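# Analysis of the macromolecular model
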Amino acid sequence: MKSFRSRVQSLIWISVAMLLGILSFHCKLGFNEDVWPLASAKGRVIAGVTISPGADTDYSFTVTGIPTIEITSTATNATILFSLDSAPYTPYTGSFLLAVANPKVSQTFTVSAYTTNPDYVDSPVVTRRYVFVPTEASLPVITPELPVIYEFNTATVPTVTLSASLSDATIFYSIDGSSWQAYSGPFAFPLPADLLTPRELTLSAYTTHPDYLDSRTASKIFRYILNVPMPLILPSGDPSVDFTVNSVPTVTVSCIQAGSSLFISVNGGAWAAYAGTFSVPLPGDLTTVSDTSIQAYATHAGYLDSTVALQVYHFIPTVPTPTILPASASYYQYNLPPTISLACAQAGATIYYRVDGVSSFTAYIAPVALTVPAIQTTSQNLVLRAYATAAGFADSLEETVTYPFLAKGSIVTIAGDGASSWTGENVDPLSVSHSGPKGIALDGAQNIYIADTGRHRVRKIDAATGLVSTFAGTDGISGWTGDGALATSAALSGPSSLAADNTYLYICDTGNNCVRRVEFATGLISTYVGMGPLNAGYNGDGGALAGTRLNAPEAIMIDSNDKNLFIADTANNRIRKIVLASNVISTFAGFGTAGYSGDGGPATAAFLDYPRGVGMRQGTKPVYIGDTNNNRVRVVDPDTGIITLVAGTGGAGYSGDGGSPLAATLSAPTRVTVDNKGIYVSDSGNHAVRLIAGGVISTYAGTGFAGMSGERGPAAAAQLSSPADLVLTSAGNFIADAGNGRVRKVLEY
């Protein structure tokens, strides 16, 4: 009816629109010309409706999910009319819930709706079908559940409990076909009338609920016997319980008749008294499938022995757990992840691995670099997991290794435990003690050398093994002996700085007023320049090294470009230079008088005050000086010989970060080292390392307060104590944290 009415309305309004169009073309209208848009609009169909939930197919639901019907339209100023199950259309005023009259019977609901507006043609009718599907109540649970056939005698009558998952449900039960009766609570299972004859009785039960179909019938057999009830073997399974070498079951045997004695047999072997829980014995051959049978029976005075219970345990061979190499180290850098190797002893096994939070399980084919996250701004532990599979075997257990990764700029200790006592040779460098170590050097093989100043020796961390041993000097013995012999038998005195080229390790032997060197190839030590502990002084410029005197030198540096050795001849208030090719020494900077003067003039005429550092960026020429007692850093241009000020006002202090280094205060700066990022200064009195880059000074490491903290965190938040030597490498920057008895490293990559 509605559809016929819509078509008639459409024809009338279209006719009116055509007539008005003809009149407007041939004559002037004497009425409002706005009638034309109205007539045109009436020829259009208004936006339709959407009925939800549901789509084009029938929408099925149950008593637990009765839908709320919503009807919507994008049309404005429109009325939605709807009909439920072919009832007359009425205005839609809001969502409504379908009313299920009888939840035990299937029902179908039909919802139809359309949109109407007096200025438009009605929208087409949309219809949705909703089908109610009755739900069966869940089966009741009969307790005791185990064993499947429950044996009992006059001494072991079970108490039966029935339960249902639905609230407000009623359970009916019947025993051996008796009349159904409503369950009202736990009850003792009735003994049979004839107590002299064994028999089986079946308890049946079902659940009923006003909103659900009655459940199917659950049943359990209770076997009345004259002997002891059969024991229960747990864990149980039908026909067997699977297990592997990684999941061996623990067996428990019990009998419901109190005072019974239990006996067990394994794989048909001799019967033995049950003494308590035990593990299923593993088969002799772990590579093949096999079964282990456990039997048990019970005895009791006055009763026949029970029947024998049997439980089979089915062994499934398991793939051995894979191995992961390498084992975890102290830390890793994101740019240098370890190469992972996985192996499994099972021939033909496939290994799968993943990194938690970074990758999913992938089949292992060949050694591969550990996958690292894209975001590397924070330190984190990466956990590698691996397991192995093989046809006919259970999957292996999962093996895990945790690899700790530290973010760029983190600081870590690479040597020293903070104590100052002697520790052994070829040991973990983190377990050794150093006494005020001031010097560090690396050779071409990346072996690390440490001037263990207070113990008068030089230690070496072998790059291949990672172990530390003595390279030169005798522990705890100060002296000037051993030239021409092995360096490990020589005596040093307070070595404070180190430098290496391809042939020698140079040692600034401060207490002996000399520089000594050890030949890498032979391990032999000799004095390179200086006259020993009793011959401090200043001479030799322009001549050979023999007879040249130094005075408490505290820093050395090799210029790998021009092959020069620079010496901070500290107590002489000078920087000396030796041309390695000719072994000729000269004064490079300093007049010899302690003081501060000469900036902008010749370096050899300038006054220095106890300089304890000399450094440069390899491949460039400027030589930087830690003018310690002047609390300044200065630089000399070798081409012109002119000295200028780089940092410090002369007053001891800790200020100026974020500003010009010329306005900053330092406190007893010692070593100075340079790379392409900037100038690094051991601001020893401030217990910090400062960085000058882009004309701005900042703190690179340390807080300004002496202490030992911040390990594995940002270097600028860590505490140092009287830092001395600095060595810069592409993998990180080394700091001789002298006051803490450690060598630390700031990760740079």
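Below is a short write-up of the structure. (Residues numbered from 1 in each chain as written. Predicted model: local features only at pLDDT ≥ 70, side-chain atom pairs only at ≥ 80, totals over all residues. Heavy atoms only, no water.)

### So, a nonpolar patch on the surface
- A cluster of nonpolar residues, Leu146, Val148 and Leu234, forms a patch on the protein surface that exposes about 260 Å² of accessible area.
- Note that leucine 234 resides in strand β17 (residues 232–234).
- By relative accessible area, leucine 234 is classed as partly exposed at 31%. (Patch = residues over 30% accessible without salt bridge, like charges linked within 9 Å, V, L, I, M, F, W, Y side chains within 5 Å. Areas by Shrake-Rupley, 256 points an atom, 1.4 Å probe, with all protein chains shown as cover. Salt bridge = Lys/Arg side-chain N within 4 Å of Asp/Glu carboxyl O. Helix = DSSP H or I, 4+ residues; strand = E, 2+ residues; numbered from the N terminus. Buried < 20%, exposed > 50% of the residue type's maximum accessible area, 1.4 Å probe, protein only.)

### Focus: the sheet that holds strand β36 (residues 457–461)
- Strand order in the open sheet formed by four strands is β34-β35-β36-β37, with antiparallel pairing between adjacent strands. Because the sheet does not close on itself, it has two edges, and the strands there are β34 (439–442) and β37 (468–473). Neighbouring strand axes in the sheet, compared pairwise and without regard to direction, differ in orientation by 25° on average.
- Pairing between β36 and β37: five bridges, direction antiparallel. Bridge pairing links lysine 460 to serine 469 in β37. (Pairing = 2+ DSSP bridges. Axes fitted to C-alpha atoms, helices over the stretch in contact; angles between N-to-C directions.)

### Examining unusual backbone geometry
- The omega angle of the peptide bond from serine 52 to proline 53 is 5°, so this bond is cis rather than trans.
- With an omega dihedral of -5°, the bond running from leucine 146 to proline 147 counts as a cis peptide bond.
- Residues other than glycine seldom take positive phi values, yet tyrosine 610 does so here, at roughly 55°.
- With relative accessibility at 29%, the residue tyrosine 610 sits in the partly exposed group.

### Observations regarding the layout of surface pockets
- Taken as a whole, the largest pocket encloses approximately 1,100 Å³ of empty space.
- Lining the largest pocket are 42 residues, with Leu442, Ile558, Gln618, Val727 and Leu728 sitting closest to its centre.
- Those elements that place two or more of their residues in the lining of the largest pocket are β34, β38 (495–500), β42 (555–559), β46 (613–615), β50 (669–675) and β54 (723–729).
- Considering only residue class, the lining of the largest pocket consists of 20 nonpolar, twelve polar and ten charged.
- Here the second largest pocket defines a volume of roughly 720 Å³.
- Lining the second largest pocket are 24 residues; nearest its centre among them are Tyr331, Ile414, Ile448, Ala463 and Lys745.
- Of all the secondary-structure elements, those providing two or more residues to the lining of the second largest pocket are β26 (332–333) and β33 (411–415).
- Its residues assigned to classes, the lining of the second largest pocket shows 14 nonpolar, seven polar and three charged. (1 Å grid on protein atoms, 1.4 Å probe; cavity = no way out; pocket = protein on both sides within 12 Å on 5 of 7 lines; lining within 4 Å. Points joined across faces, edges and corners; volume = space filled by probe spheres on them. Nonpolar A, V, L, I, M, F, W, Y, C, P; charged D, E, K, R; others polar.)

### Topic: the nonpolar core
- Grouped together as the largest cluster of nonpolar side chains are 20 residues, with contacts concentrated most on Ile51, Ile69, Ile71 and Tyr130.
- Listed by contribution, the elements that provide at least two residues to this core are β1 (49–52), β3 (68–73), β4 (79–84), β7 (107–116) and β8 (126–132).
- Within the second largest apolar cluster, 19 residues are counted, among which are Leu342, Leu370, Ala388 and Ala390. (Core = buried A, V, L, I, M, F, W, Y, C linked by side-chain atoms within 4.5 Å.)

### Notes on the environment of serine 123
- Positionally, serine 123 belongs in the loop between β7 and β8.
- Sequence separation between serine 123 and serine 435 is 312 residues, and the spatial gap between their C-alpha atoms is 93 Å.
- Within the structure, serine 123 has its side chain in polar contact with the backbone nitrogen of threonine 115 (distance 2.7 Å). (Polar contact = N/O pair within 3.5 Å; in protein donor to acceptor, adjacent residues only side chain to side chain.)

### Digging into the packing of aromatic side chains
- Tallied over the entire structure, the rule returns 33 aromatic pairs.
- Pairing tyrosine 504 with tyrosine 506 gives two aromatic rings, centres 6.0 Å apart and planes at 65°, and the pair type is edge-to-face. Of the two residues examined, tyrosine 504 and tyrosine 506, each falls in the buried class.
- Between tyrosine 506 and tyrosine 528, the ring centres sit 5.5 Å apart and the planes meet at 75°, which makes this aromatic pair edge-to-face. Of this pair, tyrosine 506 sits in strand β39 (residues 504–509) while tyrosine 528 is found in strand β41 (residues 525–530), placing the two residues 22 residues apart along the sequence. (Phe/Tyr/Trp six-rings, centres within 6.5 Å; stacked < 30°, edge-to-face > 60°.)

### Some details on the pattern of salt bridges
- All chains considered together, the criterion is met by 27 salt bridges.
- The salt bridge partner of arginine 634 is aspartate 599, with a shortest N-O separation of 2.8 Å. You can see arginine 634 sitting in strand β48 (residues 632–637) and its partner aspartate 599 sitting in the loop between β45 (584–589) and β46, a full 35 residues away along the chain.
- Here lysine 677 makes a salt bridge to glutamate 748, at a shortest N to O gap of 3.1 Å.

### A few points about the sheet that holds β48
- Within the open sheet, the four strands sit side by side as β46-β47-β48-β49. Their pairing is antiparallel. Edge positions in the sheet fall to β46 and β49 (642–647), since each has one partner strand and no second. Averaged over all neighbouring strand pairs, the angle between strand axes comes to 25°, with direction disregarded.
- Where β46 and strand β47 (residues 623–627) come together, three bridges link them in antiparallel fashion. Across the sheet, glycine 613 pairs through a bridge with glycine 626, a residue of β47.

### Here we look at the state of the cysteines
- The final tally for this structure, using the stated rule, is zero disulfides.
- You can see cysteine 514 has no disulfide; the closest cysteine sulfur is in cysteine 508, sitting 8.4 Å from it. (Disulfide = S-S within 2.5 Å.)

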